[in-house]
Protein chains: 4
Amino acid sequence: MNAAKTSETGSRSSPRGRIDKRQAILDAAFRVFARDGYGQSCVREIADEARVAKPTVYNHLGDKETLFHEALQAAVGRTVDRSLAALDKLRGSEGDLRATLEEVGHLLLQNHCCAESQALRRLLNAEAARFPDLLNEIQSAGAQRIQNALADRLARLALAKRLNIADPEQASEQFLALLTGPMELRSRLGTRQVPDTELRSVAGAARDTFLLAYAPQGEAD
Amino acid sequence: MNAAKTSETGSRSSPRGRIDKRQAILDAAFRVFARDGYGQSCVREIADEARVAKPTVYNHLGDKETLFHEALQAAVGRTVDRSLAALDKLRGSEGDLRATLEEVGHLLLQNHCCAESQALRRLLNAEAARFPDLLNEIQSAGAQRIQNALADRLARLALAKRLNIADPEQASEQFLALLTGPMELRSRLGTRQVPDTELRSVAGAARDTFLLAYAPQGEAD
Amino acid sequence: MNAAKTSETGSRSSPRGRIDKRQAILDAAFRVFARDGYGQSCVREIADEARVAKPTVYNHLGDKETLFHEALQAAVGRTVDRSLAALDKLRGSEGDLRATLEEVGHLLLQNHCCAESQALRRLLNAEAARFPDLLNEIQSAGAQRIQNALADRLARLALAKRLNIADPEQASEQFLALLTGPMELRSRLGTRQVPDTELRSVAGAARDTFLLAYAPQGEAD
Amino acid sequence: MNAAKTSETGSRSSPRGRIDKRQAILDAAFRVFARDGYGQSCVREIADEARVAKPTVYNHLGDKETLFHEALQAAVGRTVDRSLAALDKLRGSEGDLRATLEEVGHLLLQNHCCAESQALRRLLNAEAARFPDLLNEIQSAGAQRIQNALADRLARLALAKRLNIADPEQASEQFLALLTGPMELRSRLGTRQVPDTELRSVAGAARDTFLLAYAPQGEAD
DNA sequence: AATGAATGAGATTTCATTCAT
DNA sequence: AATGAATGAAATCTCATTCAT
């Protein structure tokens, strides 16, 4: 995205011209795939969007499938990094757990609902059957990693007696489900941009239910 | 498949003949779309699968987009009916709520994870951007209807003091989220068949968390 | 060739429209392949030459390789039939053997040097490595069959004491070699049309040498 | 192959360096053309086989057609030299003519059937129509020169009364025809490697027939 | 002199759709 | 109503060739 803009400046002869061009192609590819789906996207359109000739795409990425792979992997990397950063706020067992849980939930939801993540999910869903390997790679490097990281944090909080959790994996799974589950319908499978107040409301409700179920007796509310 | 065979009998002029043939085409279309996606499916393959010549498909359904519409709407009808039937078990405010909730959750999950529902979800995700109207129709006739029906049942149970629910819409949304949210990862976006014991375990956990959050004090466990 | 012209007349709705069209495509294909070689020919040109849309070619023949196969096999059929007909003149053990041998040789040479045969040979040579199966089929159905048929005739003549031949296969091979061997150079690998007087002269020389080698003592000249 | 390695040593500025590289490219080109044909070969493959970058090929040889020209001319030079060397054995009018004829025939056949000659013939056949000038150059510098050289030797032998030949050109043509004519079928147009015993047998048969036709009365056998 | 990168042109093949029967 | 045949349009991918370094 912004890489494309960067390559505008000095795309003539900069020493990292190739990197810029490869990145520009991947960005363009993701945009086009997100807009039209894999089957309906054509390489010519991607090349045009990247301001590059068609064979250049093939020189850099090999074929359409590889292009899809790489474009999605780049995107998943970005989105997972953002979610892991949000989870960092749960480090440390002090502070207002109630507030922190809502803040983290809200950040996760924002990331879950940003245009890039939604497009990514739609593409994965669409092509899951066609590219099972890609799916496995991306899910284990993506959603699974986030769920594990959250389980780690919850386990620490359980040790610190801030939460009453027997199975951190399940608790993590359920907290994430309470956040993202409602979004499928509310965002119309990712085609509608959900307003931030709505995200905040869902995050709040998730926190409430989660704490009712997992907070120790005295701290519930 | 057998619809095609049925249409053999009396395909000449019986009023059933045309309906059968139309149905055979729609069934075949859904199977092919589910297998290959919209963009990768070709009408010839659908015609072959329906044991019909290509122009016959056009005669009956008009064009590929219409075919997609109709095939998906037929499938969504089937799947929603199954889920609504499951929700009927929540009618009446007596009986073992704990057991009923798990049973209903389990049935909903089974329906959510059957091959047809998974394919339907994949197709909708894939083509959401391309057919926004179809998406709206289907979601409001599908997931939304189920969520509403569950909210109705929960409201009745709240009235009967069996549950402590302020906002039945939200409770419904969260119960469904606790059921289906975990399936995204566990079923690998619908490409892996989740064993029934796993479904039962997820349904049990959903019920537990739901009751911890929404059961009146005395009845919690 | 003439089939194309035939299909001109009444190509609209004749009951054998398909046959005509398939034949027109095969003829056009042979012409184009002969002119440009396999690799340089493009299906579009063949379709244009056959006055047909490109996909029609694919509907009838499948792909470019199959097209090549079929076009060559049709041509080899025609040319072999002509050569076998020429060999029929050697049936019967009476008459002027000297004159008959020259006449048969001349006919074989004419067939060997006609534009179609030369193109066929050039194409086979060119693509022998690429289509070894085709080559085997065509050679055994072509040159080999002619050589066998000639060997049969020579064996009869040997039995009738008109020739002094121990090994009819070898004699047949050598008679054909004396005819066609010189043509490689004289016809510039089939790119030059050899005048008929030259063919007659080569046929005469072949007959002379053949008879000097294989005629019984008394009948030599 | 080893030419490429040789050019490693001192490829910087030695006068041999460029020649070696040019030769390596020509060798690689012949191998690739022989394997895939002109139309199916791509310059990149040639460059790879020569261990050289693509533009280097263009720097040295200009374009693909020129490359084809030069590669074939180099190959034809090698093969003709071998055949002329074989014909030298017919110099001098003494010795066992019967044995010498077979030996020479055998050598000519070996050269005719070696992989390089067969590939050369295939390529010429394939592209005869496309490169008529190349064909003329190569045939007059190749097959024609050999036929002339053999005619010279036969004329000498006729003068020395060792053979009874009125037209040395025709006798030369026929001897060569008796040798190479049978090879077309036996070698499957150059795709089958003919065993040496078979070559020897064909050479013997050619010599026998040739001598029956052209030996003076007393020396016939 | 040699090369990595880029490109315009064009190849094969497939698809949705329509005629004529 | 149902179909075999035909087609215009477009997709993926490759190739010969040229810049800029």
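Here is what the cut-offs are and how they apply
- Residues numbered from 1 in each chain as written.
- Chains lettered and ligands numbered in written order.
- Predicted model: local features only at pLDDT ≥ 70, side-chain atom pairs only at ≥ 80, totals over all residues.
- Heavy atoms only, no water.
- Helix = DSSP H or I, 4+ residues; strand = E, 2+ residues; numbered from the N terminus.
- Buried < 20%, exposed > 50% of the residue type's maximum accessible area, 1.4 Å probe, protein only.
- Contact = heavy atoms within 4.5 Å.
- Areas by Shrake-Rupley, 256 points an atom, 1.4 Å probe, with all protein chains shown as cover.
- Expected span 1.5 Å × (residues − 1).
- Polar contact = N/O pair within 3.5 Å; in protein donor to acceptor, adjacent residues only side chain to side chain.
- Near = heavy atom within 4 Å.
- Nonpolar A, V, L, I, M, F, W, Y, C, P; charged D, E, K, R; others polar.
- 1 Å grid on protein atoms, 1.4 Å probe; cavity = no way out; pocket = protein on both sides within 12 Å on 5 of 7 lines; lining within 4 Å.
- Points joined across faces, edges and corners; volume = space filled by probe spheres on them.
- Salt bridge = Lys/Arg side-chain N within 4 Å of Asp/Glu carboxyl O.
- Buried area = accessible area lost by both parts, 1.4 Å probe.

Chain A goes by TetR/AcrR family transcriptional regulator in an unreviewed UniProt entry, where it is assigned to Nocardiopsis gilva YIM 90087.

1. Quick look at the overall build of chain A
Secondary structure summary: chain A contains 11 helices and zero strands in total. When the helices and strands of chain A are read in sequence order from the N terminus, they spell out α-α-α-α-α-α-α-α-α-α-α. In chain A, which comprises 221 residues, the share counted as buried stands at 50%. The long-range fraction of contacts in chain A, counting pairs at least 24 apart against all pairs at least 6 apart in sequence, stands at 70%. Carbon and sulfur atoms make up 48% of the accessible area of chain A, which amounts to about 10,400 Å² in all.

2. A word on helix α6 (residues 97–113) of chain D
Residue and element names in this part refer to chain D. For α6, built from 17 residues, the straight-helix expectation of 24 Å at 1.5 Å per residue is met to within 8% by its first-to-last C-alpha distance of 24 Å. For α6, the full list of buried residues reads L97, T100, L101, V104, G105, H106, L108, L109, N111, H112 and C113. Of the surrounding elements, those touching the buried residues of α6 are α5 (64–87), α7 (115–127), α9 (143–159), α10 (168–186) and α11 (196–214). Here α6 starts with a cap whose side-chain oxygen sits 3.1 Å from the backbone nitrogen of R98, and that cap is D96.

3. Section: the protein's contact with DNA strand F
Around DNA strand F, 34 residues are found, and the nearest of them are A:K54, B:T56, C:P55, C:T56 and C:H60. In DNA strand F, atoms within 4 Å of the protein come 59% from sugar and phosphate. At 2.6 Å from a phosphate oxygen of DNA strand F is found a side-chain nitrogen or oxygen belonging to B:T56. At 3.2 Å from a phosphate oxygen of DNA strand F is found a side-chain nitrogen or oxygen belonging to D:Y58. At the level of elements, α4 (54–61) of chain A, α4 (54–61) of chain B, α2 (17–36) and α4 (54–61) of chain C together with α4 (54–61) of chain D are the ones that each hand at least two residues to the surface near DNA strand F. Looking at the surface near DNA strand F residue by residue, the class counts come to 14 nonpolar, nine polar and 11 charged.

4. A short note on empty space enclosed by the protein
According to the stated counting rule, one finds nine cavities of 30 Å³ or more in the structure shown. Taken as a whole, the second largest cavity spans an internal volume of roughly 1,000 Å³. Along the walls of the second largest cavity sit 46 residues, with A:H112, A:R121, A:A143, A:T180 and B:E184 positioned nearest its centre. Per element, the largest residue contribution to the lining of the second largest cavity is eight residues, and it comes from helix α10 (residues 168–186) of chain A. Grouping the constituent residues of the lining of the second largest cavity by class yields 19 nonpolar, 21 polar and six charged.

5. Quick word on the pattern of salt bridges
Residue and element names in this part refer to chain D. Going through the model one piece at a time under the given rule, you end up with 69 salt bridges over all chains. As a salt-bridge pair, D36 and R35 come within 4.0 Å of each other at their nearest N and O atoms. The shortest N-O distance in the salt bridge between R192 and E198 comes to 3.2 Å. Sharing partners across several salt bridges, the network here consists of R31, R35, D36, E45 and E49.

6. Thoughts on the interface of chain B and chain A
With 38 residues of chain B in contact, the opposing surface of chain A contributes 38 residues. Summing both partners gives a buried area of about 3,600 Å² for chain B against chain A, and 56% of it is carried by carbon and sulfur. Contact with chain A buries surface across chain B, with B:N125, B:L185 and B:L189 losing the most and accounting together for 18% of the total. At the surface where chain B touches chain A, the tally comes to two salt bridges. The partner of A:R186 in a salt bridge is B:E173, with the nearest N and O atoms 2.6 Å apart. Of all the elements in the fold, those that place two or more residues in the side of chain B that touches chain A are α7 (115–127), α8 (132–141), α9 (143–159), α10 (168–186) and α11 (196–214) of chain B. Considering each element in turn, the side of chain B that touches chain A owes the most residues, 10 residues, to α10(B). Here the residues of the side of chain B that touches chain A are counted per class, giving 17 nonpolar, 12 polar and nine charged.

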